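Results of the structural survey
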Amino acid sequence: MAHFDAAALDLLVDILDAGNLSEAARRLNMTRANVSYHLKQFEQQLGAQLVRRTTRQLQATEVGLQLYEHGRRIRQELAAAREAVTTLGQTLQGRVRLSLPSGYGHMVVAPWLIDFKRAYSGIVLDVAFENRVTDLLRDEVDIAVRVLSTPPDSLVARDMGPVRYVACAARSHVEAHGLPRTLDELGRAPIITSGVVGRQLRLAAYLEGERHEVPLSPTLTSENFLFLREAIVAGLGVGLVPDYVVSDLVAQGEVLTTLDDWKLSIFGMRMMMLYMPNRHHTRAASTFIDYVLERARAQRQTPRSQAAMSSISSMQTL
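Presented here is an overview of the structure given in this document. Position labels on residues start from 1 in each chain and follow its written sequence. With the structure being a predicted model, the display of local features is reserved for residues of pLDDT at least 70 and the display and counting of side-chain atom pairs for 80 or more, all residues being used for whole-chain, interface and lining totals. Heavy atoms from the whole structure form the basis of all side-chain values; hydrogens and water molecules are not counted.

**Looking at the overall build of the protein**
Strands are runs of DSSP state E lasting at least 2 residues, helices are runs of H or I lasting at least 4, and numbering of each runs from the N terminus. Each helix and strand in the protein was counted, giving 11 helices and 15 strands. Contacts between residues were defined by any pair of non-hydrogen atoms, one from each residue, lying within 4.5 Å. The long-range share in the protein, meaning contacts at least 24 apart out of those at least 6 apart in sequence, stands at 76%. Accessible surface area values rest on a Shrake-Rupley calculation with a 1.4 Å probe, where residue burial reflects the displayed protein chains alone. With an accessible surface of roughly 17,200 Å², the protein has 51% of that area assigned to carbon and sulfur atoms.

**Side note on the packing of aromatic side chains**
Aromatic rings from Phe, Tyr and Trp, with only the six-membered ring used for Trp, were paired whenever their centres fell within 6.5 Å, and each pair was classed as stacked if the ring planes differed by under 30 degrees, edge-to-face if by over 60, and tilted otherwise. Per the counting criterion, the structure on display carries four aromatic pairs. On the numbers, 5.2 Å between centres and 70° between planes, the contact of F116 with Y291 is edge-to-face. A residue pair is termed long-range when its members are at least 10 positions apart, and F116 in helix α5 (residues 102-119) and Y291 in helix α10 (residues 283-301) qualify at 175 residues. Residues F116 and Y291 agree in their burial class; the two are buried. These aromatic residues form a ring-pair network of at least three members: F116, Y120, F288 and Y291. Throughout, exposure labels follow a simple rule: accessible area from a 1.4 Å probe, protein chains only, divided by the maximum for the residue type, with under 20% read as buried, over 50% as exposed, and the rest as partly exposed.

**Some words on the sheet that holds strand β5 (residues 143-148)**
Note on sheets: strands pair through backbone hydrogen bonds, and any given pair is parallel or antiparallel. Two strands pair under a simple rule: DSSP has to find at least two bridges between them. Reading across the sheet, the five strands line up as β4-β3-β5-β15-β6 and stay open at both edges, with mixed pairing between neighbours. The open sheet has two edge strands with one neighbour each: β4 (123-129) and β6 (156-162). Recorded for the sheet is a direction-independent mean angle of 20° between the axes of neighbouring strands. Of the pairings in the sheet, the one linking β5 to strand β15 (residues 270-275) comprises five bridges and is antiparallel in character. Note on β15: the bridge partner recorded for V145 is M273. A fitted line through C-alpha atoms represents every axis, and for helices the fit uses only the stretch in contact; the resulting angles, taken between N-to-C directions, go from 0 to 180 degrees. Where α10 meets the sheet, it contacts β3 (94-100), β4, β5, β6 and β15, and its direction lies at approximately 25° from that of β6.

**Some details on the environment of P151**
The residue P151 is located in the loop between β5 and β6 in this model. For P151, a relative accessible area of 37% corresponds to the partly exposed category. Spatially, the C-alpha atoms of P151 and L274 are 8.4 Å apart, while their sequence positions differ by 123 residues. The residues contacting P151, other than those within four sequence positions of it, are A157 and M272.

**Here's the deal with the pairing of β3**
Both β3 and β4 contribute to a ladder of seven bridges, which runs parallel. Within the sheet, the bridge partner assigned to R95 lies in β4 and is V124. In terms of handedness, the path from β3 via α5 over to β4 forms a crossover that is right-handed. The pairing of β3 with β5 spans two bridges and is parallel. Among the inter-strand pairings, S99 is bridged to a residue of β5, identified as A144. Look down the strands so they point away from you; if going from the first strand over the helix to the second traces a clockwise path, that crossover is right-handed.

**Notes on helix α9 (residues 243-252)**
Listed in full, the buried residues belonging to α9 are D243, Y244, V245, V246, L249 and V250. Looking one or two residues past α9, G253 carries a phi angle of roughly 85°, positive in sign.

**Examining unusual backbone geometry**
For E208, which is not a glycine, the phi torsion comes out positive at approximately 50°. Assignment of secondary structure puts E208 in the loop between β9 (202-207) and β10 (210-215). We classify E208 as exposed; its relative accessible area is 79%. Positive phi is not limited to glycine here, since L259 has a value of about 55°.

**Focus on helix α3 (residues 32-46)**
Compared with the 21 Å implied by 1.5 Å per residue over 15 residues, the 21 Å span of α3 between its first and last C-alpha is a close match. Of the positions making up α3, those classed as buried are V35, S36, L39, F42, E43 and L46. One side of α3 carries all its buried residues, which in axial view fall inside an arc of 125°. Across from the buried face of α3, at angles greater than 90 degrees, the exposed residues are A33 and Q44. Backbone geometry just downstream of α3 places G47 in the positive-phi region, at approximately 70°. How far a helix is expected to stretch is found by multiplying one less than its residue total by 1.5 Å. The directions from the helix axis to the C-beta atoms are what the arc is built from.

**A short note on the nonpolar core**
Residues belong to one nonpolar core when they are buried, are Ala, Val, Leu, Ile, Met, Phe, Trp, Tyr or Cys, and are joined through side-chain atoms within 4.5 Å. The biggest cluster of nonpolar side chains holds 59 residues, and the ones touching the most others in it are V96, Y104, W112, M160, L240, V246 and F288. The greatest single-element share of this core, amounting to eight residues, is contributed by α10. In contact with F288, not counting residues within four places along its chain, are V96, L98, L113, F116, L125 and I143.

**A short note on the packing of helix α8 (residues 225-233) against α9**
How two helices pack is summed up by the angle between their axes together with the distance between the axes. Look at α8 against α9: their axes get within 10 Å of each other, and the N-to-C directions meet at 35°. Between α8 and α9 the crossing geometry is right-handed. On α9, the residues touching F225, R229, I232 and V233 of α8 are V245, V246, D248 and L249. Under the grouping applied here, Gly and all other residues not named as nonpolar or charged are polar, the nonpolar ones being Ala, Val, Leu, Ile, Met, Phe, Trp, Tyr, Cys and Pro and the charged ones Asp, Glu, Lys and Arg. Looking at the contact of α8 with α9 residue by residue, the classes come out as six nonpolar, no polar and two charged. Crossings are sorted by hand: turned counterclockwise from the far helix by less than a right angle, the near helix makes the crossing left-handed, and turned clockwise it makes it right-handed.

Right, here's the structure in full:
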């Protein structure tokens, strides 16, 4: 290979990130024909096809994908080098784009983000609260946090701890209807929980190594966990939610739990931090990752209030 065009490699990264020539042209402020011409020139220069063209999208060939990964790493290294020079002797700066699940993000992570911003005022946090599965590359997300059963092979997954679902109800509901004492009773109860449109919800329940499944027919579902919390407090049914949604209400005795010996799960049992492999993180992103993992680790090591737990046990006799 007599000559390797670094600018063309950079263009290939932009094209594949965009997904099609028209979007790449828009992002680069070029004509579609110009983008297509430079791509063809690069392929002729290398003597290999880099992209398979379809009517709506582009797909990298094996050679194109290898070059794309090299190009992204080079771009990230250059960005990190520029950042190191720019921030030398200055306050840590940069931007971190996050995608957090709505309930966990608002109820658990939000105070961590505020504390982080106080400590690192120069770092810009761009935070989205959403529950859908995120394409980190397409959405240009640096870090996502999700509830998972198993981490995806295509991403780096850092464990932030277990997700423990609780079956719970307001005192008013318990006094009027009681609490389900078995999985079968739970399956017949008016359930308040998060859900996915068009998908039959099934509860996975584990006890002494045995796994059971319970089909659910909720009376109320929402992706907004603050709303689910209000519905539980209003006595509309039995909540099936992560413990952090109602932990303070349980400690205060306003909400009672049942089936506490069971491990319950709907969407997964681990909270995971996800990011792209082979990505050279900026100092801002690396600092944020370490900070959040440390906060999650500290939270796991904080023992549950024994007083709260004994209070719960005594109240379940209602």
